[in-house]
Amino acid sequence: MKIKVILLANVAKLWNKWDIVEVSDAYARNVLFRENKAKVADKSTIKAWERKQQKKKEEELQLKQKIDKAIADIKENWLKLVVSASVDWHLYEKVDIRHIEDAFVSNYGFRPKDKEIDFPQKKVSKIWEYDFSYIVDGKKVPLKLKVLTK
């Protein structure tokens, strides 16, 4: 006998979390339910799953809109970081990708995911203008960073 379940975790490299699959009754009872990896896919759990999927899509859309807005703004106005520096323009703290990510959080309300920012210089120690890229859908969008002093 077969039963429909909704998965709460990835299972055996066959199915992903939140998939709705049909499995044998015995496998569901003896493995999936016992290890808390699945729930019976009845009407209420399917509705809850659909709501969760809809919320996830909305969040992804909102994030994409924030990313697009940030990229458009940076293309027009550059991303500016204000840091402390000596009189000869050397920074007291080197600027790296973490500083760029923090600037995205404070200016645009989101933190880029790992490897979405490509900053070839790795760390910079002078007030200057630098190139970096934001990787969107596998494509590099060239942007500019301006490091300024207080």
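It should be noted that the structure appears before, not after, this text.
I will try to describe carefully the structure that is included in this document. (Residues numbered from 1 in each chain as written. Predicted model: local features only at pLDDT ≥ 70, side-chain atom pairs only at ≥ 80, totals over all residues. Heavy atoms only, no water.)

What follows concerns the pattern of salt bridges. A pair can form between side chains of opposite charge whenever their charged atoms are brought close. In this structure the tally under the stated criterion is nine salt bridges. Two residues, D68 and K64, come together in a salt bridge whose shortest N-O distance is 3.4 Å. Of this pair, D68 and K64 both sit in helix α2 (residues 43-77), four residues apart, which is roughly one turn of that helix. A relative accessible area of 38% places K64 in the partly exposed class. With its nearest N and O atoms 3.7 Å apart, the salt bridge here joins E101 to R111. Within this pair, whereas E101 is found in helix α3 (residues 97-108), its partner R111 is found in the loop between α3 and β6 (117-118), the two being separated by 10 residues in sequence. Residues joined by salt bridges that share partners form a network here, namely E101, D102 and R111. (Salt bridge = Lys/Arg side-chain N within 4 Å of Asp/Glu carboxyl O. Helix = DSSP H or I, 4+ residues; strand = E, 2+ residues; numbered from the N terminus. Buried < 20%, exposed > 50% of the residue type's maximum accessible area, 1.4 Å probe, protein only.)

Take the packing of aromatic side chains next. This structure, assessed with the given rule, holds four aromatic pairs. Relative to Y108, the ring of F104 lies with its centre 5.8 Å away and its plane at 50°, an arrangement referred to as tilted. Within this pair, F104 and its partner Y108 are both found in helix α3, separated by four residues, close to a single helical turn. For the pair formed by F104 and Y108, the shared burial category is buried. Residues F119 and Y130 carry aromatic rings whose centres are separated by 6.5 Å and whose planes lie at 80° to one another, so their mutual orientation is edge-to-face. A residue pair is termed long-range when its members are at least 10 positions apart, and F119 in the loop between β6 and β7 (123-126) and Y130 in strand β8 (residues 129-136) qualify at 11 residues. Here the aromatic cluster, defined as three or more aromatic residues joined through ring pairs, consists of F104, Y108, F110 and Y134. In this structure, K146 is placed above the aromatic ring of W78, and the distance from its NZ or CZ to the ring centre is 4.9 Å. (Phe/Tyr/Trp six-rings, centres within 6.5 Å; stacked < 30°, edge-to-face > 60°. Lys NZ or Arg CZ within 6 Å of the ring centre and 35° of its normal.)

What follows is about the sheet that holds strand β9 (residues 139-149). Taken in spatial order, the four strands of this open sheet run β4-β9-β8-β6, and their pairing is mixed. Only two strands of the sheet have a single neighbouring strand rather than two, namely β4 (79-83) and β6. In this structure, β6 lies alongside β8, joined through two bridges in antiparallel fashion. Residue D118 lies in a different strand from β8, and its bridge partner there is S133. Sheet strands touched by α2: β4, β8 and β9. Its angle to β9, the strand with the most contacts, is close to 55°. Docked against the sheet, α3 engages β4, β6, β8 and β9, running at close to 110° with respect to β4. (Pairing = 2+ DSSP bridges. Contact = heavy atoms within 4.5 Å. Axes fitted to C-alpha atoms, helices over the stretch in contact; angles between N-to-C directions.)

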